[in-house]
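Each chain, letter by letter, is given below.
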Amino acid sequence: MRRIYISFWVAIVVLCTTGFSGDTAQPLNRFALFEQRLERMRQDFGIPGMSGAIIFNDQIVWTRGFGYADLEREIPVTAETPFHVASITKTFAAAAVMQLVAQGKVQLDDPVAHYGVPLPPQVLVRHLLTHTSNGSVPGEYFAYDGNRYSYLDEVVRIASGLDLGTYLARHFLRPLYLQHTAYADGRGYVDGPRGIDFSAVYRQVAKPYTVSTQGQPVPGAYYGYFGASAGIISSAFDLAKYVVALDMGALVPREQLQQMWTPARNQKGEALPYGLGWFVQEYEGIKVVYHFGVWGGCSSLLLKVPERKLTCILLANNERLSSLFDFLGEQGVAASPFALAFLHTFVAGGGKVPPLAAFEPGDRLAAQLRKARTTPMLPFFRRELAMLAVGYQKAGYQAQAQEWFLAYHRWLSKPSLARIRREQQVLALIEEVGDNQQLKQAFVLDKPTRVGILTVGEGNADQSALLDKAQLFTARGKLLWQMRAEQTQPAGGAARNRMQFQWLDLPAGAYELRYTSDARHSWLRWQDMPPALDFYGAVVFARKDKAQQGSASLAPLVAE
């Protein structure tokens, strides 16, 4: 193993001085575009300092520092500035365990109780690594749990005879010359007289910040914990060396590496979102493995595209690189506009997706989105625009977020409501429903009429109930119809966007359409991908052409 490490280090020195070896003109231009997008978002999200690195084909092809490691002293960030990386630490702990698996000292199906872990005997090592140890049947459900993951400290200690810090120092930090890497618990030396002096790293580490209620950076404080779940301090350059070592098989044999990057499956065969120490998902048909981190005063993202041999590393000294985006939700890594900036610049569409003109004058964005409706660029622009709007909304930029959401609905939604207005006789319409609203609209039928009802609302996570819904009453308050979760269909965008369409035969009389919404996920305040339809609410209509009453199907009215 020592020869592999030495050969690896020589390769790193050569690779970092030779640069990118492919088509240089286009990648260099894309690097500049990527930098511009990162810097714009860094400033808008109030991140004082950020660093990044990109690895391609086992080469570190780009590094960059943005902003300040210390605002008060105006110390700029470089690629060698140490940051607290939070939960990216989990990938190191997983690699340590998989080294021990390769050596036969640990089995993934060992009960963790064998290592002194106070959990039931049916909980296995693989369950800790995959965040599936909770529940009555371990392995069935993914539940991200840093406290449970930290039990891997004991697995490493019992199997190797070394605490995790000493193990990583011997097998990762020293062999890879990670000179800007340390542990957040403040220890000065690791592994006795042959240990590593971390004092220089502690002096250089980026200062932590939080964001005030006025959106200004405020000095914060780091947590002083180190263990399997969090606590490594490292630089973008050191993490890049670590990633290249992983990819080259210098840390973990390739067989174990592929296990780490394969999603766990439950007894039903359903893929879960996590492998062994890494999140795993597909984005536009491309496998991505990643980990994010967010903790007091820091955030991070490590995103790999194995089949393209591409990796992106981003580190920040406040929480907003990660905290504004729901990495544990339905979209996964695609919830982050930072991640999408990388994926759309270098990966998606064969690396040929043009940059979204979100930060350019509105007429340029409109022209781009209008053209995209008839091109393969549509899904990329749809997701990136929506996630930018969600992020800016959470950061407090309501006007900018609403401008983008309006552009989304104008150019990227299916014009279902517009079609209904054009082709049908609208009797009642409740649209653009906001948070916590109870809306009503009355209408009268002067004769028996077949009416159509189309309604869009939000369901809960498992789609067993509705959080927003429409109802139809008589003027005297008798309930005639209501939106029911089991009768809804996907409305496009996020899975919880639900819609229902139905024809009803109503006698002459007075009626009232009602709509009730909850406190989230409403018109122009989406918390995830908006519905693919061009409205949010309910509409009652009658066919203009009586001969066709009831013949319309759901298909022309839905999104995709």
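Residues numbered from 1 in each chain as written. Predicted model: local features only at pLDDT ≥ 70, side-chain atom pairs only at ≥ 80, totals over all residues. Heavy atoms only, no water.

**Looking at the overall build of the protein chain**
- A tally of regular secondary structure across the protein chain gives 16 helices and 21 strands.
- At 27 Å, the protein chain has a C-alpha radius of gyration in line with the 24 Å of a compact globule built from 560 residues.
- Along the three orthogonal principal directions, the C-alpha set of the protein chain runs to about 95 × 55 × 40 Å.
- Nonlocal contacts in the protein chain, meaning residues at least 24 apart in sequence, comprise 67% of its contacts between residues at least 6 apart.
- Looking at charge distribution, the protein chain has the averaged site of its 56 positive side-chain charges lying 4 Å from that of its 49 negative ones. (Helix = DSSP H or I, 4+ residues; strand = E, 2+ residues; numbered from the N terminus. Rg over C-alpha atoms; globule rule 2.2 N^0.38 Å. Contact = heavy atoms within 4.5 Å. Lys, Arg positive; Asp, Glu negative; His and termini not counted. Charge placed at Lys NZ, Arg CZ, Asp CG, Glu CD.)

**Digging into the pairing of strand β21 (residues 538-543)**
- Counted residue by residue, β21 has six buried out of six residues, so it is predominantly covered.
- Of the two faces of β21, the one holding Ala538, Val540 and Ala542 and the one holding Val539, Phe541 and Arg543 are both buried throughout.
- Pairing between strand β13 (residues 424-430) and β21: six bridges, direction antiparallel. If you follow glutamine 425 over to β21, its bridge partner there is alanine 542.
- Bridge analysis of strand β15 (residues 449-458) against β21 gives five bridges, and the strand direction is antiparallel. Note on β21: the bridge partner recorded for threonine 455 is alanine 538. (Buried < 20%, exposed > 50% of the residue type's maximum accessible area, 1.4 Å probe, protein only. Pairing = 2+ DSSP bridges.)

**What to know about the sheet that holds strand β11 (residues 298-305)**
- Sheet architecture is open: seven strands sit in the order β3-β2-β1-β12-β11-β10-β9, paired in antiparallel fashion. What marks the edges here is a single partner per strand, and that holds for β3 (75-76) and β9 (279-283).
- Strand contacts of helix α9 (residues 236-247): β1 (49-56), β2 (59-70), β11 and β12 (310-316), with the helix running at about 150° to β12, the strand carrying the most contacts. (Axes fitted to C-alpha atoms, helices over the stretch in contact; angles between N-to-C directions.)

**Considerations on the sheet that holds strand β8 (residues 232-234)**
- The sheet built from three strands is open, its strands ordered β4-β8-β5 with antiparallel pairing. Only two strands of the sheet have a single neighbouring strand rather than two, namely β4 (83-84) and β5 (182-183).
- Pairing between β5 and β8: two bridges, direction antiparallel. Bridging from a neighbouring strand, tyrosine 183 pairs with isoleucine 232 of β8.

**Brief notes about the pattern of salt bridges**
- This model, assessed by the stated rule, comprises 22 salt bridges.
- The shortest N-O distance in the salt bridge between glutamate 384 and arginine 37 comes to 2.7 Å. Taken together, the positions of glutamate 384 in helix α14 (residues 378-394) and arginine 37 in helix α2 (residues 25-44) put the pair 347 residues apart, joining distant regions of the chain. Just as glutamate 384 is buried, arginine 37 falls in that class too.
- Glutamate 72 is the partner of lysine 207 in a salt bridge, and the nearest nitrogen-oxygen pair spans 3.0 Å. A residue pair is termed long-range when its members are at least 10 positions apart, and lysine 207 in the loop between α8 (199-204) and β6 (209-211) and glutamate 72 in the loop between β2 and β3 qualify at 135 residues.
- In this structure lysine 207 comes out as partly exposed when scored by relative accessible area, which is 27%. (Salt bridge = Lys/Arg side-chain N within 4 Å of Asp/Glu carboxyl O.)

**Observations regarding the packing of α14 against helix α15 (residues 398-411)**
- Packing of α14 against α15 brings their axes to within 8 Å, and their N-to-C directions diverge by 155°. Taken together, α14 and α15 sit at an angle that is classed as roughly antiparallel. For the pair α14 and α15, the sense of crossing is left-handed. Residues Arg382, Leu385, Ala386, Leu388, Ala389, Val390, Tyr392 and Gln393 of α14 pack against Gln398, Gln400, Ala401, Trp404, Phe405, Ala407 and Tyr408 of α15.
- A class-by-class count of the residues in the contact of α14 with α15 yields 11 nonpolar, three polar and one charged. (Parallel < 35°, antiparallel > 145°, perpendicular 65-115°, else oblique. Left-handed = near helix turned anticlockwise from the far one by under 90°. Nonpolar A, V, L, I, M, F, W, Y, C, P; charged D, E, K, R; others polar.)

**Some remarks on the environment of valine 252**
- Of note, valine 252 is situated in the loop between α9 and α10 (254-260).
- Between the C-alpha atoms of valine 252 and valine 97, which are 155 residues apart in sequence, the distance is 9.5 Å.
- Other than its neighbours up to four places away in sequence, valine 252 contacts Ala95, Met98, Gln99, Leu246, Leu257 and Met260.

**Topic: helix α7 (residues 164-173)**
- With eight of 10 residues buried, α7 lies mostly within the body of the structure.
- Taken as a whole, α7 has its buried residues at Leu164, Gly165, Thr166, Tyr167, Leu168, Ala169, Phe172 and Leu173.
- Those residues of α7 that are buried lie in contact with α3 (89-102), α6 (152-160), β5, β8 and α9.
- Measuring from the backbone nitrogen of glycine 165 back to the side-chain oxygen at the start of α7 gives 3.0 Å, which picks out aspartate 163 as the cap. (Polar contact = N/O pair within 3.5 Å; in protein donor to acceptor, adjacent residues only side chain to side chain.)

**Digging into the packing of aromatic side chains**
- Using the criterion set out here, one finds 38 aromatic pairs in the structure.
- With centroids separated by 5.8 Å and ring planes inclined at 50°, the aromatic side chains of phenylalanine 45 and phenylalanine 338 adopt a geometry described as tilted. Remark: phenylalanine 338 occurs in helix α11 (residues 337-346) and phenylalanine 45 occurs in the loop between α2 and β1; sequence separation between them is 293 residues.
- With a relative accessible area of 0%, phenylalanine 338 lands in the buried category.
- Measuring from ring centre to ring centre gives 3.8 Å for phenylalanine 92 and tyrosine 242, while their planes differ by 10°; the resulting arrangement is stacked. Here tyrosine 242 lies in helix α9 and phenylalanine 92 lies in helix α3, a separation of 150 residues in the sequence. No difference in accessibility class separates phenylalanine 92 from tyrosine 242, as the two residues are buried.
- Ring pairs connect the aromatic residues Phe45, Phe325, Phe338, Phe359, Tyr392, Tyr397 and Trp404, which therefore count as one cluster.
- The ring of tryptophan 411 carries arginine 410 above its face, with NZ or CZ at 4.0 Å from the centroid.
- Here arginine 514 stacks its cationic end above the ring of phenylalanine 473, 3.8 Å away from the centre of that ring. (Phe/Tyr/Trp six-rings, centres within 6.5 Å; stacked < 30°, edge-to-face > 60°. Lys NZ or Arg CZ within 6 Å of the ring centre and 35° of its normal.)

**Notes on the confidence of the model for the protein chain**
- Counting all residues, the mean pLDDT for the protein chain is 91, and 92% of those residues have values of 70 or more.
- Across residues 1-27 the pLDDT falls below 50, and counting only partners more than four positions away or on other chains, this stretch makes 33 contacts in the model.
- Within the model, the stretch residues 547-552 combines pLDDT values under 50 with 10 contacts to residues more than four positions away or in other chains. (pLDDT = per-residue confidence, 0-100.)

**Overview of the environment of phenylalanine 279**
- Along the chain, phenylalanine 279 turns up in strand β9.
- As for phenylalanine 279 and threonine 91, which are separated by 188 residues in sequence, their C-alpha atoms are 9.9 Å apart.

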